[in-house]
Amino acid sequence: MTAYKVGYLIGSLAKGSLNRKLAKALVNLAPAELSMTEIPFKDLPLYSYDYDANFPPPARAFKDALAGVEAVLFVTPEYNRSIPGGLKNAIDWASRPYGQNSFTRKPSAVIGTSPGSIGTALAQQSLRGVLGFCNSPQMNSIEAYIQFKPSLITDEGEVTDPTTEEFLRDYMLQFHGFIARVYTALPRPT
């Protein structure tokens, strides 16, 4: 199996985020062929096209980190039936300036967890619309809306429910297969 570098973005900026726990679990459960790296975005200022001619250092570092990966995994909570503002701001930075969209033709997947029974379904739907506009091929199946229950995932990313662990392991295996299929049709980033 071919190896790929995958960057992951955690939609919540909170240190104790449930989605940070989920991200740790996904890193632990990913096949060895996926080299997983968090791409943080908490230091980005609010995007304005006034910056397009001269990105500030945090934005340049963010764009460079995205350029260094072959696929992107979004692990996001749901805020007010959509994605968190910080994540949307990061996507805005990544897609600018015009003609330098970091997501163009780069495979992506979306997952999230929430205490609510529908997980993060509406946030994921909103994020998929944004990624579609950004021309990012998206893994649309399998979908993953994880209802977080107390102690489902430890702080170290250990999944305590065997069924959920198996599902998440398969999700990451499917993501690897999706990336391979995308790059069968499209050239890998250089």
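Before any of the text, the structure's been laid out above.
For every chain, the first residue of the written sequence is number 1, and numbering continues from 1 along that sequence. Residues qualify for local features only when their pLDDT is at least 70, as the model is predicted, and side-chain atom pairs are given and counted only at 80 or more; totals for whole chains, interfaces and linings, by contrast, use all residues. By convention in this description, side-chain values take in all heavy atoms of the structure and omit both hydrogens and water.

Enquirer: Explain the nonpolar core to me, and be specific about the residues and the numbers.
Expert: Among the nonpolar cores identified, the biggest contains 32 residues, and Leu26, Leu34, Leu73, Ile111, Tyr171 and Phe175 are the most heavily contacted of them. Counting only elements with at least two residues in this core, the list comes to β1 (4-10), α1 (18-29), β2 (34-38), β3 (71-75), β4 (108-114) and α5 (162-185). Dropping the residues within four chain positions of it, Leu26 is found in contact with Leu73, Val75, Ile111, Leu168, Tyr171 and Met172. Formed by 24 residues, the second largest nonpolar core is a distinct cluster that contains Leu9, Val69, Phe103 and Cys134. Working definition of a nonpolar core: buried Ala, Val, Leu, Ile, Met, Phe, Trp, Tyr and Cys residues. They are joined through side-chain atoms within 4.5 Å. Residue burial is assigned from relative accessible area. The probe radius is 1.4 Å, only protein chains are included, and a residue is buried under 20% of its type maximum, exposed over 50%, and partly exposed in between. Strands are runs of DSSP state E lasting at least two residues, helices are runs of H or I lasting at least four, and both sets are numbered from the N terminus onward. The contact criterion used throughout is that any non-hydrogen atoms of two residues lie within 4.5 Å.

Enquirer: Pulling in residues and values, what's your account of helix α4 (residues 121-133)?
Expert: Residue count minus one, scaled by 1.5 Å, sets the expected span of a helix. A rise of 1.5 Å per residue sets the reference length of α4, with its 13 residues, at 18 Å; its end C-alpha atoms lie 19 Å apart and thus fit the reference within 8%. By the burial criterion, the buried members of α4 are Ala123, Gln124, Leu127, Arg128, Val130 and Leu131. Looking straight down α4, one finds that the buried residues subtend no more than 165° of arc, so they occupy a single side. Across α4 from its buried face, at more than 90 degrees, point the exposed residues Gln125 and Phe133. Those residues of α4 that are buried lie in contact with β3, α3 (85-94), β4 and β5 (145-147). Here the arc refers to the set of directions running from the helix axis out to each C-beta atom.

Enquirer: Which residues make up unusual backbone geometry, and what are the values?
Expert: Of note, the bond from Arg96 into Pro97 is cis; its omega dihedral lies within 30 degrees of zero at -10°. One can find Pro97 in the loop between α3 and β4. Residues Ser141 and Ile142 are joined by a peptide bond in cis, for which omega reads 15°. Among the structural elements, Ile142 can be located in the loop between α4 and β5. In this model, Arg81 sits at a positive phi of 65°, which is unusual for a non-glycine residue. Mapped onto the secondary structure, Arg81 falls in the loop between β3 and α3. In this structure Arg81 comes out as exposed when scored by relative accessible area, which is 58%. In this model, Asn135 sits at a positive phi of 65°, which is unusual for a non-glycine residue.

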